[in-house]
Amino acid sequence: MVTQKRPDPKPLCWFEIPVKDTLKARKFYAELFGWTYQEFKEFESDYWIINSGEGSLNGGFVKSKNGVSSGGIILFLHVVNIQKVITQAIQLGGSIVEEESTITKETGNHAKIMDLDGNTIGLWSE
């Protein structure tokens, strides 16, 4: 039997919650889960970093550009080469949601792809 080498698992590193109104979302999640926030002005005009607790995965609220929420939380995976992952996703039947772009020089790059069932997956690289 031929054993095919499996790629190393890519760790979850971030989540994004698309929302219509970041003020309402912040109030809801703060009251429900005790989350705290910090505005991130360098990335998008209305983006808030979420602190979800000590030792927990953190993320952000992103205000949808067209006023419509995608209806799902986006998980980001840490990858070494975003373009390589995008190429492989397309070869496997996936598609591009957002091309690779720089968040900030210090923060790194990100992109979004779509799987075979319409789920958006975020990619992040240093």
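See the structure printed just above.
1. A few points about a nonpolar patch on the surface
Phase 1 of the analysis: A surface patch of nonpolar side chains, about 270 Å² in accessible area, is lined by Leu12, Ile73 and Leu75.
Phase 2 of the analysis: For leucine 75, the location among the structural elements is in strand S5 (residues 74–78).

2. Regarding the side chain of histidine 110
Phase 1 of the analysis: Along the polypeptide, histidine 110 turns up in strand S7 (residues 108–114).
Phase 2 of the analysis: Apart from residues no more than four positions distant in its own chain, histidine 110 is found in contact with Phe43, Phe76, Ile82, Glu98, Glu99, Glu100, Ser101, Ile103, Leu123 and Trp124.

3. Description of the sheet that holds S5
Phase 1 of the analysis: Overall, mixed pairing links the 8 strands, which are arranged S2-S3-S4-S1-S5-S8-S7-S6 in an open sheet. If you trace the sheet from one side to the other, it starts and ends with strand S2 (36–39) and strand S6 (95–104), each paired once. The sheet shows a mean angle of 25 degrees between the axes of neighbouring strands, direction not considered.
Phase 2 of the analysis: Across 5 bridges, the pairing between strand S1 (residues 12–19) and strand S4 (residues 59–63) is parallel. Its bridge partner lying in S4, glutamate 16 is registered against glycine 60.
Phase 3 of the analysis: Sitting on the sheet, helix H2 (residues 82–91) is in contact with S6, S7 and strand S8 (120–125), with an inclination near 5 degrees to S7.

4. Observations regarding the nonpolar core
Proteins that are soluble and globular tend to have nonpolar side chains buried together.
Phase 1 of the analysis: By size, the foremost hydrophobic cluster in this structure holds 9 residues: Phe15, Ile17, Val19, Ala25, Tyr29, Trp35, Trp48, Ile50 and Phe61.
Phase 2 of the analysis: At the level of secondary structure, the elements contributing two or more residues to this core comprise S1, helix H1 (22–33) and strand S3 (47–51).
Phase 3 of the analysis: Here this core takes 3 residues from S1, the largest share from any one element.
Phase 4 of the analysis: Here isoleucine 50 is in contact with Phe15, Ile17, Trp35, Thr36, Tyr37, Asn58, Gly59, Gly60 and Phe61, once residues within four sequence places are set aside.
Phase 5 of the analysis: One finds Ile82, Ala111, Ile113 and Leu123 within the second-largest nonpolar core, a separate group that totals 7 residues.

5. Some remarks on the packing of aromatic side chains
Phase 1 of the analysis: Overall, the coordinates contain 8 aromatic pairs when judged by the stated rule.
Phase 2 of the analysis: An angle of 50 degrees between the planes, with centres 5.9 Å apart, marks the rings of phenylalanine 15 and tryptophan 35 as tilted. Linking phenylalanine 15 in strand S1 with tryptophan 35 in the loop between H1 and S2, this pair joins segments that are 20 residues apart in sequence.
Phase 3 of the analysis: Judged by its relative accessible area of 8%, phenylalanine 15 falls in the buried class.
Phase 4 of the analysis: With a centroid separation of 5.4 Å and 45 degrees between ring planes, the pair formed by tyrosine 29 and phenylalanine 61 is classed as tilted. Of this pair, tyrosine 29 sits in helix H1 while phenylalanine 61 sits in strand S4, and the two are 32 residues apart along the sequence.

6. Observations concerning the layout of surface pockets
Phase 1 of the analysis: Estimates place the volume of the largest pocket at around 640 Å³.
Phase 2 of the analysis: Listed by contribution, the elements that provide at least two residues to the lining of the largest pocket are H2, S7 and S8.
Phase 3 of the analysis: Here the lining of the largest pocket gets 4 residues from one element, more than from any other, and that element is H2.

How each quantity is defined
- Residues numbered from 1 in each chain as written.
- Predicted model: local features only at pLDDT ≥ 70, side-chain atom pairs only at ≥ 80, totals over all residues.
- Heavy atoms only, no water.
- Patch = residues over 30% accessible without salt bridge, like charges linked within 9 Å, V, L, I, M, F, W, Y side chains within 5 Å.
- Areas by Shrake-Rupley, 256 points an atom, 1.4 Å probe, with all protein chains shown as cover.
- Salt bridge = Lys/Arg side-chain N within 4 Å of Asp/Glu carboxyl O.
- Helix = DSSP H or I, 4+ residues; strand = E, 2+ residues; numbered from the N terminus.
- Contact = heavy atoms within 4.5 Å.
- Pairing = 2+ DSSP bridges.
- Axes fitted to C-alpha atoms, helices over the stretch in contact; angles between N-to-C directions.
- Core = buried A, V, L, I, M, F, W, Y, C linked by side-chain atoms within 4.5 Å.
- Buried < 20%, exposed > 50% of the residue type's maximum accessible area, 1.4 Å probe, protein only.
- Phe/Tyr/Trp six-rings, centres within 6.5 Å; stacked < 30°, edge-to-face > 60°.
- 1 Å grid on protein atoms, 1.4 Å probe; cavity = no way out; pocket = protein on both sides within 12 Å on 5 of 7 lines; lining within 4 Å.
- Points joined across faces, edges and corners; volume = space filled by probe spheres on them.

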